[in-house]
Amino acid sequence: MTFDIVALCREQPGPGAMLAAMRAAGPELRVNTIDEAQLIQLYHEDGRLMMTTEGARLVQVRGEVRRLLGFDEDVPHPVWWVETRAPGGDPEAEAAARRFTQALVTTSGGVSWSTR
């Protein structure tokens, strides 16, 4: 099972915010993009997949975050949803995904939600 974490951003995270968050995840990690799916993958130097993140999606429907996540925190509205997944059972990958999301939320404002 994967570790899932979502950045719920007040402002749309631009390329600079995404790049800074990738550096925060681990400056030694290698980047791969899958443009047609708007995915960014970060790999450990040994070739292990550390995390995959999706492009930001604007959520404009009030209460949608609560409905989807059961999340009761103070969520910005509208909100930019950036979902990241790390392979399950890999604490190093989970930590990288957490660092990425925290950096994104710090830069763009908002809160995060995770499966643990």
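Note that the coordinates shown come from a computational prediction; the quantities given were computed from them, not determined experimentally.

Participant: Please explain the overall build of the chain as it appears in this structure.
Facilitator: A count of helices and strands for the chain gives 3 helices and 7 strands. Ordered by position from N to C terminus, the α and β elements of the chain give β-α-β-β-β-β-α-β-α-β. Relative to a compact globule of 116 residues, whose C-alpha radius of gyration would be 13 Å, the chain shows 13 Å and is just as compact. Each principal axis of the C-alpha distribution contributes one length, and for the chain these read about 45 × 30 × 25 Å. In the chain, which comprises 116 residues, the proportion classed as buried is 44%. The long-range share in the chain, meaning contacts at least 24 apart out of those at least 6 apart in sequence, stands at 62%.

Participant: Mind showing me how you'd approach helix 3 (residues 91-108) here?
Facilitator: Its 18 residues place the ends of helix 3 26 Å apart at the C-alpha level, agreeing with the 26 Å of an ideal helix rising 1.5 Å per residue. Listed in full, the buried residues belonging to helix 3 are Ala 93, Glu 94, Ala 96, Ala 97, Phe 100, Thr 101, Ala 103, Leu 104, Val 105 and Ser 108. As for helix 3, its buried residues are in contact with strand 1 (3-9), helix 1 (15-25), strand 4 (49-54), strand 6 (79-86) and strand 7 (110-114). Sitting at the amino-terminal end of helix 3 is Asp 90, which places a side-chain oxygen 3.1 Å from the backbone nitrogen of Glu 92.

Participant: How do you make sense of the pairing of strand 1 when you look at a structure like this?
Facilitator: It is a general feature of regular strands that their side chains alternate between the two faces of the sheet. With 7 of 7 residues buried, strand 1 is to be regarded as a mostly interior element. A two-sided burial pattern is seen for strand 1, the buried positions comprising Phe 3, Ile 5, Ala 7 and Cys 9 on one face and Asp 4, Val 6 and Leu 8 on the other. Sheet topology places strand 1 next to strand 6; 7 bridges connect them, and they run antiparallel. Within strand 6, the position partnered with Ile 5 by the bridge is Thr 84. For strand 1 and strand 7, the ladder comprises 5 bridges, and the chain directions are antiparallel. Its bridge partner being in strand 7, Leu 8 is matched across the sheet by Val 111.

Participant: Is there a simple way to explain the pattern of salt bridges in this structure?
Facilitator: For side chains of opposite charge, pairing can occur when their charged atoms come near one another. Evaluated as defined, the whole model comprises 10 salt bridges. Between Arg 48 and Asp 90 there is a salt bridge whose closest N-O contact spans 2.7 Å. Of the two residues, Arg 48 sits in the loop between strand 3 (39-43) and strand 4 while Asp 90 sits in the loop between strand 6 and helix 3, which places them 42 residues apart along the sequence. Accessibility expressed as a relative area gives 14% for Asp 90, which makes it buried.

Participant: Honestly, the environment of Leu 58 in this entry has me stumped. Any pointers?
Facilitator: Looking at the secondary structure, you find Leu 58 in strand 5 (residues 57-59). Note on Leu 58: relative accessible area 37%, which makes it partly exposed.

Participant: Teacher, can you tell me more about the packing of helix 1 against helix 3 here?
Facilitator: To characterise two packed helices, one gives the angle between the axes of the helices and the distance between these axes. Here helix 1 crosses helix 3 at 145 degrees, and the two axes come no closer than 7 Å. Our pair here, helix 1 against helix 3, has a crossing hand that is right-handed. Residues Ala 17, Met 18, Ala 21, Met 22, Ala 24 and Ala 25 of helix 1 form the contact with helix 3, whose own contacting residues are Ala 96, Arg 99, Phe 100, Ala 103, Leu 104, Thr 107 and Ser 108. Across the contact of helix 1 with helix 3, the residue classes break down as 10 nonpolar, 2 polar and 1 charged.

Procedures and definitions
Residue numbers run consecutively from 1 along every chain, following the written order of its sequence. Since the coordinates come from a predicted model, pLDDT governs what is reported: local features require at least 70, and pairs of side-chain atoms require 80 or more to be given and counted, while whole-chain, interface and lining totals use all residues. With hydrogens and water stripped out, all remaining heavy atoms of the structure feed into the side-chain values. A helix here means a DSSP run of H or I that spans at least four residues, while a strand means a run of E at least two residues long, and both kinds are numbered starting from the N terminus. Computation of the radius of gyration draws on C-alpha atoms alone. For the globule rule, the value is 2.2 Å times the number of residues to the power 0.38. Relative accessibility under 20% of the residue-type maximum defines a buried residue, over 50% an exposed one, and the middle range a partly exposed one, all with a 1.4 Å probe and only protein chains included. Throughout, a residue-residue contact means that at least one pair of heavy atoms, one from each residue, lies within 4.5 Å. The span one expects for a helix is its residue count, reduced by one, times 1.5 Å. Any pair of nitrogen or oxygen atoms within 3.5 Å is treated as a polar contact; in protein, a donor-acceptor pairing is required on top of that, and neighbouring residues in sequence qualify only through side-chain atoms on both sides. Strand pairing requires that DSSP identify at least two bridges connecting the strands. Just to be clear on terms, a salt bridge is a Lys or Arg side-chain nitrogen sitting within 4 Å of an Asp or Glu carboxyl oxygen. Angles run from 0 to 180 degrees between N-to-C directions of axes, and those axes are lines fitted to C-alpha atoms, restricted for helices to the stretch in contact. Crossings are sorted by hand: turned counterclockwise from the far helix by less than a right angle, the near helix makes the crossing left-handed, and turned clockwise it makes it right-handed. Under the scheme applied here, ten amino acids are nonpolar (Ala, Val, Leu, Ile, Met, Phe, Trp, Tyr, Cys and Pro), four are charged (Asp, Glu, Lys and Arg), and all others, including Gly, are polar.

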